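Inside the fold
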Amino acid sequence: MSVSTKYWSAGIELLKAYMPGEQPQTSGWIKLNTNENPYPPSVRVLEAIAGGLDEGLRLYPDPNGNLLRASIARRFDLSPEHVFLGNGSDEVLGHVFPALLKHDLPVLFPDITYSFYPVYCGLFGIRHQQVPLDADFQIRISDYQRPNGGIVLANPNAPTGVALPLTQIRELLTLNTDSVVVIDEAYVDFGGQSAASLIQEFPQLLVVQTLSKSRSLAGLRAAFALGQPHLIAALERVKNSFNSYPLDRLALLGAQAAMEDDDHLKATCEAVIHTREGLVRELSALGFDTLPSQANFILTRHPLKDAAELLRQLRERKILVRHFALPRIEQHLRISVGTPAECQTLIEALKDILNAFSSEGTPP
Ligand SMILES: *Cc1c(COP(=O)(O)O)cnc(C)c1O
């Protein structure tokens, strides 16, 4: 489909946009393609949102989300001046790139990481360099010791699921003091170590977290950044030059309730981690190689079966997983950890597919 670009601003036709995973509009799918939490959010979230369904919607929300900021600050032993709110971490990151990472020197991030990072660079005209993960798909801190305009690391990384220990982040911050280091902790609650505890010590550290994954609120659009007030001030400036009210009244109420329900967070994360470990074992029994994951998804490959073909055959069975046609991972599938029942259905489907394949006897 080609569209006329006649009325477009200059450069828009050159933008490469991010491609979100499929959200099917019919029922009956097992959705393991966008790393949503398979468990519902806390009932306290639903009650808080219901409590906001009144004529108060006539009024704008608090542009600074002060109650939510205070509740996030309390959780991390920081003050509200250390907290920046956004409409999902995609928006938070969308402000971070122009506010903190646009310099003469290039921003560094891994060659295999969240594919939105290069998209922001394209939109905001930010130079960047991709730093290869090592042969085990690990981030090597020593590879980031070069002049840079900032460093962005997802930890745990996506789509690998591989986590860096906090000692390594500390080492990076000790060696890299002249530019901002952004740690995107979208998946940290599933077994990673947060760098939030280092914020008072390192003025160049910005930690980004979201309520989409571990708090089961991808549909609400709420996320935050943590950093020293001088970093938050730059983000506020960009935000207030774009949209003063990124979180609506209902999202503010729901997000605050979510941040205050630690028991629910702990229970759902433990369930996901437990299911993940079982899924990895079952996949291994089928011959898959899976990277060690501290996230709510795994990156896995079968040495004999083409990944795009596997995805296609799973899709025929109404199971959605994600495939990235990118160098080094084009034979991998990223599979979100579902409920135990969903993962069992996935395993049975893979058994069928692999059996049919071996009886055909045709290698890919
Ligand atoms: C899912 C994800 C995000 C975006 O999450 P939001 O829903 O926009 O908060 C950001 N970074 C990474 C690495 C992710 O996987």
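Our subject in this report is the structure included herewith. (Residues numbered from 1 in each chain as written. Predicted model: local features only at pLDDT ≥ 70, side-chain atom pairs only at ≥ 80, totals over all residues. Heavy atoms only, no water.)

A few words now on the overall build of the protein. Across its full length, the protein holds 10 helices and 12 strands. Here the protein has a C-alpha radius of gyration of 21 Å; the compact-globule value for 364 residues is 21 Å, and the two agree. With the principal axes as the frame, the protein shows a C-alpha extent of 60 × 50 × 50 Å. Within the span of the protein, comprising 364 residues, buried residues form 50% of the whole. At a minimum sequence separation of 6, the contacts of the protein that also span at least 24 residues come to 72%. When the accessible surface of the protein is split by element, carbon and sulfur atoms take 55% of a total near 17000 Å². Distance from the positive charge centre (32 side chains) to the negative charge centre (40 side chains) of the protein: 4 Å. (Helix = DSSP H or I, 4+ residues; strand = E, 2+ residues; numbered from the N terminus. Rg over C-alpha atoms; globule rule 2.2 N^0.38 Å. Buried < 20%, exposed > 50% of the residue type's maximum accessible area, 1.4 Å probe, protein only. Contact = heavy atoms within 4.5 Å. Areas by Shrake-Rupley, 256 points an atom, 1.4 Å probe, with all protein chains shown as cover. Lys, Arg positive; Asp, Glu negative; His and termini not counted. Charge placed at Lys NZ, Arg CZ, Asp CG, Glu CD.)

Now for the environment of L67. Tracing the sequence through the fold places L67 in helix α2 (residues 66-75). For L67, a relative accessible area of 64% puts it in the exposed group. In this structure the C-alpha to C-alpha distance between L67 and I329, which are 262 residues apart in sequence, comes to 42 Å.

On to the packing of helix α1 (residues 43-51) against helix α7 (residues 249-259), then. Packed helices, taken two at a time, are described by their axes: the angle between them and the distance between them. Two numbers describe how α1 lies on α7: the axes approach to 8 Å, and their chain directions differ by 150°. Compared by their axis directions, α1 and α7 come out roughly antiparallel. Remark: the crossing between α1 and α7 carries right-handed chirality. Residue-level inspection shows R44, V45, A48 and I49 of α1 in contact with α7, the latter providing L250, L253, G254, A257 and A258. A per-class count over the contact of α1 with α7 returns seven nonpolar, one polar and one charged. (Axes fitted to C-alpha atoms, helices over the stretch in contact; angles between N-to-C directions. Parallel < 35°, antiparallel > 145°, perpendicular 65-115°, else oblique. Left-handed = near helix turned anticlockwise from the far one by under 90°. Nonpolar A, V, L, I, M, F, W, Y, C, P; charged D, E, K, R; others polar.)

Turning our attention to the packing of aromatic side chains. For the structure shown, the criterion picks out 11 aromatic pairs. Geometrically, the ring pair formed by F116 and Y120 is stacked, given 4.4 Å between the ring centres and 15° between the ring planes. On the criterion of helical spacing, the pair formed by F116 and Y120 is a turn pair, its members being four residues apart in helix α4 (residues 116-124). Take Y120: its relative accessible area is 4%, and that puts it in the buried class. Lying across the ring of F76, R75 places its NZ or CZ 5.7 Å from the centre. (Phe/Tyr/Trp six-rings, centres within 6.5 Å; stacked < 30°, edge-to-face > 60°. Lys NZ or Arg CZ within 6 Å of the ring centre and 35° of its normal.)

Lining the immediate environment of the ligand, one finds G88, S89, D90, Y114, D184, A186, Y187, T210, S212, K213 and R221. Contact between the ligand and Y187: an oxygen atom at 2.5 Å from a side-chain N or O atom of the residue. Taking S212, its side chain carries an N or O atom lying 2.6 Å from an oxygen atom of the ligand. For the ligand, whose unbound accessible area comes to 390 Å², protein coverage reaches 92%. Broken down by class, the residue content of the shell around the ligand amounts to three nonpolar, four polar and four charged. (Near = heavy atom within 4 Å. Polar contact = N/O pair within 3.5 Å; in protein donor to acceptor, adjacent residues only side chain to side chain.)

The next subject is the sheet that holds strand β10 (residues 297-301). Within the open sheet, the three strands sit side by side as β9-β10-β12. Their pairing is antiparallel. Two strands close off the open sheet at either side, each with one partner strand: β9 (289-290) and β12 (333-336). Where β9 meets β10, two bridges bridge the pair, whose relative direction is antiparallel. Counterpart to T290 in the pairing with β10 is T300. Contacts from helix α8 (residues 262-285) reach β9 and β10, with the element oriented near 10° to β10. (Pairing = 2+ DSSP bridges.)

Moving on to the nonpolar core. Counting residues in each nonpolar core, the largest one holds 52 residues, and the members touching the most others are I72, L205, F224 and L226. Broken down by element, the residue count for this core peaks at seven residues, all from α7. A domain split of this core shows at least three residues from each of domain 1 (23-40 + 263-360) and domain 2 (43-260). Excluding residues within four positions of it along the chain, I72 makes contact with V83, L85, F224, L226 and M259. (Core = buried A, V, L, I, M, F, W, Y, C linked by side-chain atoms within 4.5 Å. Domains from an automatic or database assignment.)

The buried fraction of strand β5 (residues 150-154) amounts to five of the five residues, a majority that puts the element mostly inside the structure. Assessed by its sense of winding, the connection that carries the chain from β5 through helix α5 (residues 166-175) to strand β6 (residues 181-184) is right-handed. (Right-handed = clockwise from strand over helix to strand, strands pointing away.)

As far as function goes, none of this settles anything; it's purely spatial.
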